[in-house]
Amino acid sequence: MTVPLRIGVVGLGVISRFYLAALRGSATLRLSAVCDRDPAVLAARTGSVPVYTDHLRLLDEVRPDAVVVTVPNDAHARVCADALERGVAVCVEKPLALETEQGVSLARLAARGDVPLFTAFHRRYNHAVGRLRAGLAGARVEKLTVRYLERIEEHAGADTWYLDARRCGGGCVADNGPNAFDLVESLLGPAEVVSARITRDAAGTDRRADIGLRAGAASVRVLLDWSYPGERKDIEVLLADGRTLYADMLTGHPGFKNSLWHEYVGVLRAFEERVRNGAGDGDGGLPALRLVEDVYRLAAATGKEKETV
């Protein structure tokens with residue numbers, strides 16, 4: 001009989017509910033503790049697991065096998081490092097960190113202690129993406145387009161840190177970019193940035209981006225939008241033989257963010273495989289983080305950054 005892994009969840013914002021639901025449905029993972037800096041958030045919880053406002057106390061007192069980190073982006077590096085230093089496996093929401101240098105330090109820390117470090121790119125586990133991946137087997141891709149469009153105020157809810165460029169890392173490029181870039185690389189292999197145009201609001205948060213990548217012989221366009229009326233998340237692929245393949249990541253999941261329920265089941269399954277067997281998906285999140293940094297660098301260098309009214 002498989003002994004369940006004991007999981008702590010650090011951060012109870014808008015994404016945590018998808019992890020908590022996936023944990024409830026798992027026979028081999030067990031929620032052991034939760035942590036959030038806001039006592040009011042903890043007071044609203046019902047359940048039998050210990051609650052903490054300090055992640056260090058959770059790590060030292062509960063000593064979980066692994067933690068899921070869903071704190072704001074600017075706190076990822078610190079919380080992940082604290083867990084890795086204690087030999088606790090980490091599943092962290094994308095992005096891995098705000099800067100590539102921070103991500104490299106975390107990767108080195110994980111390698112030094114032989115502790116799993118896993119970044120949750122939940123779109124990898126989307127059913128439509130899985131069907132597209134199967135359809136691309138043996139085909140030559142000429143052009144691929146990823147659209148990641150939403151209105152961030154609807155997505156963020158009470159998590160207003162998304163709209164703070166310093167805490168988020170910039171905006172749609174820093175937060176949605178990693179998911180889009182990871183989709184590109186999971187389908188086509190390593191990519192490089194060839195063009196970047198970013199539009200920011202008056203507060204300095206990037207709201208839209210039009211990014212060109214090259215992945216092998218394929219031309220890639222990534223469109224990000226945080227001011228889109230509604231939600232659109234899809235992938236369109238033009239093959240060298242003239243065929244077009246399409247994946248709508250929201251198909252079959254009516255309602256805002258409803259596709260995330262099945263995707264986070266996939267995230268935790270892949271994370272468990274990494275923890276138990278050292279195998280499965282996951283590269284620690286560094287490639288996507290480097291692409292984010294390259295986009296910002298290229299947009300600044302070419303003067304293709306502008307402010308909206």
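Remember, it's a predicted structure, so these values are computed and weren't measured experimentally.

Q: Can you help me understand the environment of Pro229 in this one?
A: On the secondary structure map, Pro229 appears in strand β11 (residues 227-239). Given the relative accessible area of 72%, Pro229 is considered exposed.

Q: Which parts of the structure should I look at to understand helix α4 (residues 76-85)?
A: Taken across its 10 residues, α4 has 8 buried, putting it largely inside the fold. Within α4, burial applies to His76, Ala77, Val79, Cys80, Ala81, Asp82, Ala83 and Leu84. Considering only its buried residues, α4 is in contact with β1 (5-10), α3 (55-62), β4 (66-69), β5 (89-93), α5 (100-113) and β6 (117-120). Gly87 sits one or two residues past α4 and shows a positive phi near 75 degrees.

Q: How should I be thinking about the packing of helix α1 (residues 16-24) against helix α11 (residues 260-277) in this particular structure?
A: Think of two packed helices as two axes; the pair is described by the angle between the axes and how far apart they sit. Viewed as axis vectors pointing N to C, α1 and α11 meet at an angle of 65 degrees, and their least axial separation amounts to 9 Å. The interaxial crossing formed by α1 with α11 has right-handed handedness. Note on element contacts: α11 touches α1 through Leu260, Trp261, Tyr264, Val265, Val267 and Leu268, opposite Arg17, Phe18, Tyr19, Ala21, Ala22 and Leu23.

Q: Help me understand the state of the cysteines in this model?
A: Such a bond, covalent and formed between the sulfur atoms of two cysteines, is termed a disulfide. Within this structure, the stated rule accounts for 0 disulfides. Among the cysteines around Cys35, which has no disulfide bond, Cys80 carries the closest sulfur, lying 13 Å off. Sulfur of Cys172: no disulfide; nearest cysteine sulfur belongs to Cys168 and is 8.7 Å away.

Q: Explanation requested: the pairing of β1 in the structure shown.
A: A regular strand places its side chains so that they alternate between the two faces of the sheet. Along β1, 5 of the 6 residues are buried, which leaves the element largely enclosed by surrounding structure. Relative to strand β2 (residues 29-35), β1 is paired through 6 bridges, and the arrangement is parallel. From the neighbouring strand, Val9 faces β2, where its bridge partner is Val34. One crossover worth recording links β1 to the parallel β2 by way of α1, and it is right-handed.

Q: Quick question: what am I supposed to make of the pattern of salt bridges here?
A: Side-chain pairing between opposite charges can occur once the charged atoms of the two side chains come close. Going through the model one piece at a time under the given rule, you end up with 21 salt bridges. In this structure, Lys233 and Glu150 form a salt bridge, with 3.1 Å as the shortest nitrogen-oxygen distance. Placement of the pair is Lys233 in strand β11 and Glu150 in strand β7 (residues 141-151), with a sequence separation of 83 residues. Take Lys233 and Glu150: they sit in the same class, and that class is buried. A salt bridge links Arg297 to Glu293; the shortest N-O distance between them is 3.3 Å. Taken as a pair, Arg297 and Glu293 lie in helix α12 (residues 286-302) at a separation of 4 residues, close to a single helical turn. The exposure class assigned to Arg297 is partly exposed, which follows from its relative accessible area of 46%. Exposure remark for Glu293: the relative accessible area of 30% places this residue in the partly exposed category.

Q: Looking at this structure, how should I read the layout of surface pockets?
A: In this approach the atoms are scanned with a rolling probe the size of a water molecule, which exposes any empty space left behind. Computed from the structure, the largest pocket encloses a volume of approximately 810 Å³. When contributions to the lining of the largest pocket are tallied by element, the ones reaching two or more residues are α4, β7, β11 and α11. Here the element with the most residues in the lining of the largest pocket is α4; it accounts for 3 residues. Considered class by class, the residues forming the lining of the largest pocket number 16 nonpolar, 13 polar and 16 charged.

Q: What is the right way to look at the nonpolar core in this model?
A: Grouped burial of nonpolar side chains is what soluble globular proteins tend to show. Within the largest apolar cluster, 73 residues are counted, with the highest numbers of intra-cluster contacts made by Val173, Ile211, Val222 and Ile235. Looking at this core element by element, the count peaks at 6 residues for α11. In contact with Val222, other than residues within four places in its own chain, are Val146, Ala180, Phe181, Val184, Ala209, Asp210, Ile211 and Leu213. Among the nonpolar cores identified, the runner-up in size contains 30 residues, and Tyr52, Ala77, Val88 and Val90 belong to it.

Parameters at a glance
Residues numbered from 1 in each chain as written. Predicted model: local features only at pLDDT ≥ 70, side-chain atom pairs only at ≥ 80, totals over all residues. Heavy atoms only, no water. Helix = DSSP H or I, 4+ residues; strand = E, 2+ residues; numbered from the N terminus. Buried < 20%, exposed > 50% of the residue type's maximum accessible area, 1.4 Å probe, protein only. Contact = heavy atoms within 4.5 Å. Axes fitted to C-alpha atoms, helices over the stretch in contact; angles between N-to-C directions. Left-handed = near helix turned anticlockwise from the far one by under 90°. Disulfide = S-S within 2.5 Å. Pairing = 2+ DSSP bridges. Right-handed = clockwise from strand over helix to strand, strands pointing away. Salt bridge = Lys/Arg side-chain N within 4 Å of Asp/Glu carboxyl O. 1 Å grid on protein atoms, 1.4 Å probe; cavity = no way out; pocket = protein on both sides within 12 Å on 5 of 7 lines; lining within 4 Å. Points joined across faces, edges and corners; volume = space filled by probe spheres on them. Nonpolar A, V, L, I, M, F, W, Y, C, P; charged D, E, K, R; others polar. Core = buried A, V, L, I, M, F, W, Y, C linked by side-chain atoms within 4.5 Å.

Honestly, it's all geometry; don't read function into it.
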